Amino acid sequence: MAGEDDGTPTGSGGAFEPLREPVFRNIWSASVLSNFGQLILGVGAAWEMTRLTSSASLVAMVQTALMLPLMLASVPAGAVADMFDRRKIAMLGLGFSVACGTLLTVLAWLGLTSPWVLLSFCSLIGAGVALYSPSWQASISEQVPPAQLPAAIALGSISYNFARSFGPALGGLIVLAMGAKAAFAVNAVCYLPLLAAFFLWKRRHVPSRLPPERIDRAIVSGGRYALHSGPVRTVLVRAFLFGFAGASASALAPLIAKDLLHGDAGAYGVLLGSSGVGAVAGALMVSRVRERLSNETATRILALISGLAIILVGFSHMLWLTCVGLFLAGAGNILTIALFNISVQLASPRWVTARALSLFSSALTGGIAVGAIVWGVVANGWSVQVAVVASGAALCATPLLAFVFRLPEAAVGGVEAVQIGNEPEVAMALTLRSGPVVIEIDYRVHPDQARPYYDAMLKVQRTRMRNGAFNWSISRDVADPALWTERYQFPTWGDYLRMRDRFTQADFAVQADVEAFLLEGSTKVVRRRLERPLGSVRWRADSPDPKQETVGYLAP
């Protein structure tokens, strides 16, 4: 597998170097076709809706029906992708979209479509794509060497934006030549190469020693990791505010063409094309930007470029000048999003990568959705020009966020899982549902080292909490100032065992820093306790105890 090299450093080799990896090349090439299919579906569905109804709101709801599942289903889909084989989950989502697209085509050929049938099938196809997307993004690290991951992520952005540049125009030609039903058929067919590429990928799935979490618990685990992981939390906040500030460029593009440029649908298409081409150009520069600038410096510069470009669009009344502005804004936006995406992937261990990416996607799309509403209200209350200029100014102000939410430097390594060598000593018959479980760890530290030791333990706290622990605390014995006790809890024994499987190299490094403070000759003492141990004791003193002779232990 590409992501498992022999330890020899591998250079990034440029923006297209990941395409040398056969698995990634096949899946990426097929994803370009699937993106074309998705965009062609949007054009065909919108055109079919104009034939079925004169309601402008129903026509507008086509885009909502396609995009809403991507926002609502991305977090559960990310949890599923982390719980099971990502290759199979991607195939399941794509297969569902193919089936729904095929059925929609049949209904259209039979003349059985209606506005609500069309909206329902657009949502179903979007739900399949939402299920597939986190699995695809999270599996990129398994298809390319670590050094090529940033370039591979950028190529994923190029795939969509290349399709966005030409897909709507191609969809219009298909609808004009053969009707909307042909667009539905093309959409279904375009998913097939990607489904085949995942089917042919001989992914080595390493199953967990433990059964998967329940979907609700998996979602909570992903959210808690993001909450207690400083780098991921910072990226989520920045992504939401970035999407909010710059949402006017896409949300108000039709009004920019109509009110500011006094153009028609052709002008609108040119504006979309300019933004798409800019996005492709920006994605090609990701590796070069990362080599020359830090994450924070790059995002500050890109925010200023994008913001000033949007302000230029607001003041421009010439098509070519507006196209220049949207080209620059598109390049800056996709570069920033790619840098955010890379930061999330490199800061997340494999057990939670898909969930972290789905939260990132929700934060970004949520920011764009809220921003679109706000800038739309501003445009209604004042003017399109005021809304666009205000959006650009807000984007220019986002570098100020660095004073509170400074972006981490994305570095490869440190998030690989590390096996804990020792196994817990257990003399009771436990199941995965036994609990709650309390962990107490005693440390003996010289009193003169109290302050630096306490600071180091605060870093340990973050590792415990993001890996699944609750109610963490650190206490000091008033009669023996050298004795410190760390305490935390888990709802069940299974949650504790899962935490042990989630330790990474970075977590072990933090733990090693703490253990360096131990008094010479002393070791930490770990106690694992079952709180409210109903079921581990007999109901009455004379009740038979079937566990007396043999003690079962569910080994981690």
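Reading guide: rules and limits
- Residues numbered from 1 in each chain as written.
- Predicted model: local features only at pLDDT ≥ 70, side-chain atom pairs only at ≥ 80, totals over all residues.
- Heavy atoms only, no water.
- Helix = DSSP H or I, 4+ residues; strand = E, 2+ residues; numbered from the N terminus.
- Expected span 1.5 Å × (residues − 1).
- Buried < 20%, exposed > 50% of the residue type's maximum accessible area, 1.4 Å probe, protein only.
- Phe/Tyr/Trp six-rings, centres within 6.5 Å; stacked < 30°, edge-to-face > 60°.
- Lys NZ or Arg CZ within 6 Å of the ring centre and 35° of its normal.
- Pairing = 2+ DSSP bridges.
- Salt bridge = Lys/Arg side-chain N within 4 Å of Asp/Glu carboxyl O.

Asks: Help me out: how do you make sense of helix α17 (residues 384-397) in this one?
Replies: Each full turn of the α-helix corresponds to 3.6 residues, which orients residues three or four apart in the same direction. Taking 1.5 Å of rise per residue, the 14 residues of α17 would be expected to cover 20 Å, and the 20 Å separating its terminal C-alpha atoms lies within 8% of that figure. Every buried residue belonging to α17 is among Val-384, Ala-387, Val-388, Val-389, Ser-391, Gly-392, Leu-395 and Cys-396, and all of these are buried.

Asks: What is the right way to read the packing of aromatic side chains from this model?
Replies: Two measures describe an aromatic ring pair: the distance that separates the ring centres and the angle between the ring planes. Enumeration over the complete set of coordinates arrives at 13 aromatic pairs. Considering the side-chain rings of Phe-242 and Phe-340, the 6.1 Å spacing of their centres and the 85° angle between planes classify their relative orientation as edge-to-face. In this pair, Phe-242 is assigned in helix α9 (residues 230-245) and Phe-340 in helix α15 (residues 319-347), connecting sequence segments 98 residues apart. Three or more aromatic residues joined by ring pairs form one cluster here, namely Phe-24, Tyr-132, Trp-136, Phe-198 and Trp-201. When the ring centre of Trp-109 is taken as reference, the NZ or CZ atom of Lys-181 above it lies at 5.0 Å. Directly above the ring of Phe-470 sits Arg-224, whose terminal nitrogen or CZ lies 3.9 Å from the centroid.

Asks: Explanation requested: the pairing of strand β1 (residues 437-444) in the structure shown.
Replies: When a strand is regular, its side chains alternate between the sheet's two faces. Within β1, 7 of the 8 residues are buried, which leaves the element mostly enclosed by the surrounding structure. Where β1 lies against strand β3 (residues 483-490), 8 bridges are found, and the strand directions are antiparallel. By the bridge assignment for β3, Val-438 is matched with Gln-489. Relative to strand β4 (residues 525-530), β1 runs antiparallel, the two being bridged by 6 bridges. Paired with Ile-439 across the two strands is Arg-528, which belongs to β4.

Asks: So what exactly am I meant to see when it comes to the pattern of salt bridges here?
Replies: When the charged atoms of two side chains with opposite charge come close together, those side chains can pair. Following the criterion strictly, the structure yields 16 salt bridges and no others. In this structure, the salt-bridge partner of Asp-495 is Arg-498, at a minimum N-O distance of 3.9 Å. Of this pair, Asp-495 and Arg-498 both sit in helix α19 (residues 493-501), separated by 3 residues, roughly a single helical turn. For Lys-524, the salt bridge identified is with Glu-515, shortest N-O distance 2.8 Å. A relative accessible area of 31% places Glu-515 in the partly exposed class. Linked by salt bridges that have partners in common, Glu-440, Asp-442, Arg-487, Arg-527, Arg-529 and Glu-531 make up one network.

By themselves these figures say nothing about function.
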